[in-house]
Amino acid sequence: MCPLYVSGLIGPDDRKSIQPMAKRLALGECDQLHHFIAAGVWDATPVETELQADKLVGGDDAVLVIDDTAIPKKGTHSVGVAAQYASALGKTADCQTLVSLTLARGEVPVMLGLRLFLPESWTSNQARLKRAGAPTEYRTARTKPELALAEIDRVIATGVCFGCVLADAGYGLSAPFRRGPRLAN
């Protein structure tokens, strides 16, 4: 189901919810796709381990790039959907926002992680998070810079080597983020 779901997300139609995607992908009923998403596993560790990005592009001349990725989305049931700034649209819109980490050296970028940012409208409603199936450890309010710092710590702990961290201006506004990354590798 994952390749079909990704095809639906990157497809040309604006409707990215399960039923319209299932219809476009000629799946007939949407039950299988809905089950794949609703019962999805949150732990990305096996995939991230398999990538072994450090062997591909890590090193002292590698750069860790921190950025936001917004996925425009309508509705109230998809986890994290809220009115947020979507850089791809250049405006505030209903979307999910992901904090992304990409390791790059030369012309080769490798995605190390995408972490869903949950806005206050979600983290302040524990019943909503529980209904959505959000694991307990994801139900605490965290800013995007806090998510990014946790991810930087995670990739350093896995042994990924890089020389510097680059982030967009939104992260630079956070003093804890500017003080946070200590590159011990």
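Scroll up for the structure.
Residues numbered from 1 in each chain as written. Predicted model: local features only at pLDDT ≥ 70, side-chain atom pairs only at ≥ 80, totals over all residues. Heavy atoms only, no water.

Visitor: Could you give me a rundown of the pattern of salt bridges, with the residues and numbers involved?
Guide: Counted according to the given criterion, the structure contains four salt bridges. With a shortest N-O distance of 2.8 Å, arginine 154 and glutamate 151 are connected by a salt bridge. Taken together, the positions of arginine 154 and glutamate 151, both in helix α8 (residues 144-157) and three residues apart, correspond to about one turn of that helix. In this structure glutamate 151 comes out as buried when scored by relative accessible area, which is 7%. Three or more residues joined by partner-sharing salt bridges are found here, namely Arg115, Glu151 and Arg154. (Salt bridge = Lys/Arg side-chain N within 4 Å of Asp/Glu carboxyl O. Helix = DSSP H or I, 4+ residues; strand = E, 2+ residues; numbered from the N terminus. Buried < 20%, exposed > 50% of the residue type's maximum accessible area, 1.4 Å probe, protein only.)

Visitor: Describe a nonpolar patch on the surface, with residues and values.
Guide: Among the surface-exposed residues, Met1, Leu4, Phe36 and Ile37 lie close enough to one another that they form a single nonpolar patch of about 270 Å² accessible area. Structurally, leucine 4 can be placed in helix α1 (residues 2-10). (Patch = residues over 30% accessible without salt bridge, like charges linked within 9 Å, V, L, I, M, F, W, Y side chains within 5 Å. Areas by Shrake-Rupley, 256 points an atom, 1.4 Å probe, with all protein chains shown as cover.)

Visitor: Just give me the short version of the packing of aromatic side chains, but keep the residues and values in it.
Guide: The geometry of an aromatic ring pair is captured by two quantities: the separation of the ring centres and the angle between the planes. Throughout the structure, instances matching the rule amount to one aromatic pair. For the pair tyrosine 171 and phenylalanine 177, a centre-to-centre distance of 5.5 Å together with 50° between the ring planes defines the contact as tilted. Taking the relative accessible area as the measure of exposure, tyrosine 171 reaches 1% and is therefore buried. Looking at arginine 128, its charged tip hangs above the ring of tryptophan 122, at a distance of 3.7 Å from the centre. The aromatic ring of phenylalanine 117 is capped on one face by lysine 144, whose charged end is 5.2 Å from the ring centroid. (Phe/Tyr/Trp six-rings, centres within 6.5 Å; stacked < 30°, edge-to-face > 60°. Lys NZ or Arg CZ within 6 Å of the ring centre and 35° of its normal.)

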